[in-house]
Amino acid sequence: MSMSTQSSADVPPNSASEIRHCADFPPSIWGNYFLTCPSEIIDTTTKEKHKALKEEVRRKITATVIDKCTQKSLLQLIDAVQRLAVAYHFEKEIEDALVKIFEKNIDDGDDDLYTVSLRFRLLRQQGLMISCDIFNKFKDEEGKFFKESLKKDVEGIRSLYEAAHLSIRGEEILDEALAFTKVLLLQ
């Protein structure tokens, strides 16, 4: 018995016997707008404005004298720049500012949970080994659990949750913080 018929799997994909149907889609309402490179469509005044804004952010990061009052605002600025994914423009300035904060070690005990957690997370992300003992002041009188009053501080809880993910083995307070914040954030 001869096998003269070929199945479609035996036909090479580029053979002349292959029939390809052309889709007849209407033209896009956007035209070729998204095919052009963004740098080609940005005019010079916009580029100058971007450059001026980058210099303003750079000046705010570097010109800040770090004391207790300005530390929180500087940490918030660095956090915002990182969350906006533009930190690559300011890597050196951010590193220098965080090293200054680490070296000055300004913590007089009355910082709120948000500020302490933000400082801890940013310094750890930068590779600076800040001690997790700074969270001990947020434990109850017995030193076993975090204070009940912290449950109302949503921003602080969120920041503590993010900071707790930067723990290293043996940092039990951060393990407790992670469990504490998970329960509160899932409610």
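By the naming in an unreviewed UniProt entry, the protein goes by Terpene synthase and is assigned to Melia azedarach.

**Thoughts on the environment of Glu-176**
Assignment of secondary structure puts Glu-176 in helix 7 (residues 172-185). Judged by its relative accessible area of 31%, Glu-176 is partly exposed. Along the sequence, Glu-176 and Phe-146 sit 30 residues apart, while their C-alpha atoms lie 8.4 Å from each other.

**Some words on the packing of helix 4 (residues 91-104) against helix 5 (residues 113-125)**
For the pair helix 4 and helix 5, interaxial distance at closest approach is 10 Å and the crossing angle is 120°. Comparing the axis directions of helix 4 and helix 5 gives the class oblique. Where helix 4 crosses over helix 5, the two elements pack in a sense that is left-handed. Residue-level contacts link Leu-98, Ile-101 and Phe-102 of helix 4 to Arg-119, Leu-122 and Leu-123 of helix 5. When the residues that make up the contact of helix 4 with helix 5 are grouped by side-chain class, the tally is 5 nonpolar, no polar and 1 charged.

**Points about the environment of Leu-185**
Examined against the element boundaries, Leu-185 turns out to sit in helix 7. For the pair Leu-185 and Val-154, spaced 31 residues apart in sequence, the C-alpha to C-alpha distance is 8.3 Å. Once residues lying within four places of it in the same chain are set aside, the contact partners of Leu-185 are Ile-157 and Tyr-161.

**What to know about the layout of surface pockets**
Over the atoms rolls a probe the size of a water molecule, and its path tells where empty space is left. Counted as a void, the largest pocket has a volume near 220 Å³. Together, His-50, Leu-53, Lys-54, Val-57, Leu-77, Val-81, Leu-84, Val-86, His-89 and Phe-90 line the largest pocket. Among the secondary structure elements, those contributing two or more residues to the lining of the largest pocket are helix 2 (44-62) and helix 3 (68-83). With 4 residues, the top contributor of residues to the lining of the largest pocket is helix 2. Taken together, the residues that form the lining of the largest pocket break down as 7 nonpolar, 2 polar and 1 charged.

**Thoughts on the pattern of salt bridges**
Tallied over the entire structure, the rule returns 14 salt bridges. Its salt-bridge partner being Arg-83, residue Glu-162 comes within 2.7 Å of it at the nearest N-O pair. Of this pair, Glu-162 sits in helix 6 (residues 154-164) while Arg-83 sits in helix 3, and the two are 79 residues apart along the sequence. We note a salt bridge from Glu-176 to Lys-139, for which the minimum N-O separation is 2.6 Å. Separated by 37 residues along the polypeptide, Glu-176 in helix 7 and Lys-139 in the loop between helix 5 and helix 6 bring together distant segments of the chain. According to the relative accessible area criterion, Lys-139 is buried, its value standing at 12%. One network of salt bridges, in which partners are shared, links Asp-79, Arg-83, Arg-121, Arg-158 and Glu-162.

**Examining unusual backbone geometry**
For Ala-85, which is not glycine, the phi torsion reads 60° and is therefore positive. Taking the relative accessible area as the measure of exposure, Ala-85 reaches 55% and is therefore exposed.

**Details of the confidence of the model for the protein**
In this model, the protein carries an average pLDDT of 83, and 81% of its residues clear a pLDDT of 70 or more. Within the protein, the lowest mean pLDDT, 64, falls on helix 1 (residues 38-41), and the highest, 94, falls on helix 5.

**Here's the deal with helix 7**
Between the first and last C-alpha of helix 7 there are 20 Å, a value that for 14 residues agrees with the 20 Å anticipated at 1.5 Å per step. Inspection of helix 7 places Ile-173, Leu-174, Ala-177, Leu-178, Phe-180, Thr-181 and Leu-184 among the buried residues, and these make up the whole buried set. Tucked inside the fold, the buried residues of helix 7 contact helix 5 and helix 6.

Rules used in this analysis
- Residues numbered from 1 in each chain as written.
- Predicted model: local features only at pLDDT ≥ 70, side-chain atom pairs only at ≥ 80, totals over all residues.
- Heavy atoms only, no water.
- Helix = DSSP H or I, 4+ residues; strand = E, 2+ residues; numbered from the N terminus.
- Buried < 20%, exposed > 50% of the residue type's maximum accessible area, 1.4 Å probe, protein only.
- Axes fitted to C-alpha atoms, helices over the stretch in contact; angles between N-to-C directions.
- Parallel < 35°, antiparallel > 145°, perpendicular 65-115°, else oblique.
- Left-handed = near helix turned anticlockwise from the far one by under 90°.
- Contact = heavy atoms within 4.5 Å.
- Nonpolar A, V, L, I, M, F, W, Y, C, P; charged D, E, K, R; others polar.
- 1 Å grid on protein atoms, 1.4 Å probe; cavity = no way out; pocket = protein on both sides within 12 Å on 5 of 7 lines; lining within 4 Å.
- Points joined across faces, edges and corners; volume = space filled by probe spheres on them.
- Salt bridge = Lys/Arg side-chain N within 4 Å of Asp/Glu carboxyl O.
- pLDDT = per-residue confidence, 0-100.
- Expected span 1.5 Å × (residues − 1).

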